[in-house]
Amino acid sequence: MAKEEYNKNFKRILVGVDDSEDAQLAFRYAIREARSSDATLIITSILEHEDMNVYEALDKNYIHGKRDELTKHIAKYRDLALRAGVKNVEMVIDEGEAGETIVKNVIPAVNADLLIIGSLSKTGIRKYFGSQASYMAKYSPISVMVVRE
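What this report covers is the structure whose coordinates are included nearby. Predicted model only: the values in this text are computed from it and were never measured.

**A short note on the packing of helix 4 (residues 98–110) against helix 5 (residues 132–139)**
Where helix 4 contacts helix 5, the two axes come as close as 8 Å, and the packing angle between them is 20°. By the criterion of interaxial angle, the relationship of helix 4 to helix 5 is roughly parallel. Crossing angle aside, the handedness with which helix 4 passes helix 5 is right-handed. Facing A98, G99, E100, I102, V103 and K104 of helix 4, the residues of helix 5 in contact are Q132, Y135, M136 and Y139. Within the contact of helix 4 with helix 5, the residues separate by chemical class into six nonpolar, two polar and two charged.

Set out below in structure tokens:
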């Protein structure tokens, strides 16, 4: 039996952004992929409660302010993608633990068919512990591309 070439055209590409080097690398790759396949690029960022103390987490005004800041921040990513030639760009913000929230909430909500994530190579003992990237690669219900330097 002859092997058939697998060439899936992704139409809705999801990329998680923050200001880390690996997320920036994934974002740049997602722009290229969305542009070349004429796909919609969905940019997501997660407001993580672990970065807040208990008083901040209980303060609805604080959380609302942080969410507004995050919205403005990822709007800059949207603008970069549009300037780079991506025709359709969407933004999604959610709250929780990043990997789990993207897999369980964001992917089903946006109907993405490809998740692009970055993962910096780790050395020593850190490479044996789980990361957001490994969680998403393992549990994502859609194809995942892990971009490395």
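**Quick look at the pairing of strand 2 (residues 40–47)**
Looking along a regular strand, one sees the side chains alternate between the two faces of the sheet. By the criterion of burial, strand 2 is predominantly enclosed, with eight of the eight residues buried. Of the two faces of strand 2, both are covered, the one formed by T40, I42, T44 and I46 as well as the one formed by L41, I43, S45 and L47. Pairing of strand 1 (residues 12–16) with strand 2 involves five bridges; the strand directions are parallel. Counted as the bridge partner of I13 is L41 from strand 2. With respect to chirality, the unit in which strand 1 leads through helix 1 (residues 21–37) into the neighbouring parallel strand 2 is right-handed. In the sheet, strand 2 pairs with strand 3 (residues 88–95) via eight bridges, with the strands oriented parallel.

**Considering the environment of L41**
You can see L41 is positioned in strand 2. Apart from the residues lying within four places of it in its own chain, the contact partners of L41 are I13, V15, F27, A30, I31, A34, A81, V86, N88, V89 and E90.

**Some details on the sheet that holds strand 4 (residues 114–118)**
The strand order 3-2-1-4-5 describes an open sheet built from five strands, whose pairing is parallel. Whereas interior strands pair on both sides, the edge strands pair on one side only; in this sheet they are strand 3 and strand 5 (143–147). In this sheet, adjacent strand axes meet at a mean angle of 25° when their direction is disregarded. Here helix 4 sits on the sheet in contact with strand 1, strand 2, strand 3 and strand 4, set at roughly 140° to strand 2. Against the sheet, helix 5 contacts strand 4 and strand 5, and its axis sits at roughly 160° relative to strand 4.

**Side note on the side chain of D22**
Within the secondary structure layout, D22 lies in helix 1. Of note is the side chain of D22, whose polar atom sits 2.6 Å from the side chain of S20.

Rules and cut-offs
Counting restarts for each chain: residues are numbered from 1 in the order of the written sequence. Per-residue local features are limited, in this predicted model, to residues with pLDDT of at least 70; the limit for side-chain atom pairs, both in listing and counting, is 80 or more; totals at the level of whole chains, interfaces and linings are taken over all residues. Only hydrogens and water are removed before side-chain values are computed, so all heavy atoms of the structure are retained for them. Lines fitted to C-alpha atoms define the axes here, with helix axes fitted over just the stretch in contact, and angles between the N-to-C directions of these axes take values from 0 to 180 degrees. Here a helix means four or more residues in a row that DSSP labels H or I, a strand means two or more in a row labelled E, and each is numbered from the N terminus. Roughly parallel means an angle under 35 degrees; roughly antiparallel means over 145; roughly perpendicular covers 65 to 115; every other angle is labelled oblique. Whether a crossing is left-handed or right-handed is set by the direction in which the near helix is turned from the far one by less than a right angle, anticlockwise for left-handed and clockwise for right-handed. Any two residues whose heavy atoms approach within 4.5 Å at even a single point are treated as in contact. Each residue is assigned to one class: nonpolar for Ala, Val, Leu, Ile, Met, Phe, Trp, Tyr, Cys and Pro, charged for Asp, Glu, Lys and Arg, and polar for all the others, Gly among them. Partly exposed residues are those whose accessible area sits between 20% and 50% of the maximum for their type, while under 20% is buried and over 50% is exposed, using a 1.4 Å probe and protein chains only. The criterion for strand pairing is that DSSP finds at least two bridges linking the strands in question. By convention, orient the strands away from the viewer: a clockwise path from the first strand over the helix to the second makes the crossover right-handed. Pairs of N or O atoms are called polar contacts if they sit within 3.5 Å, as long as, within protein, a hydrogen donor faces a hydrogen acceptor (for residues adjacent in sequence, only side-chain-to-side-chain pairs).

Take it as geometry only, folks, not as evidence of what the structure does.
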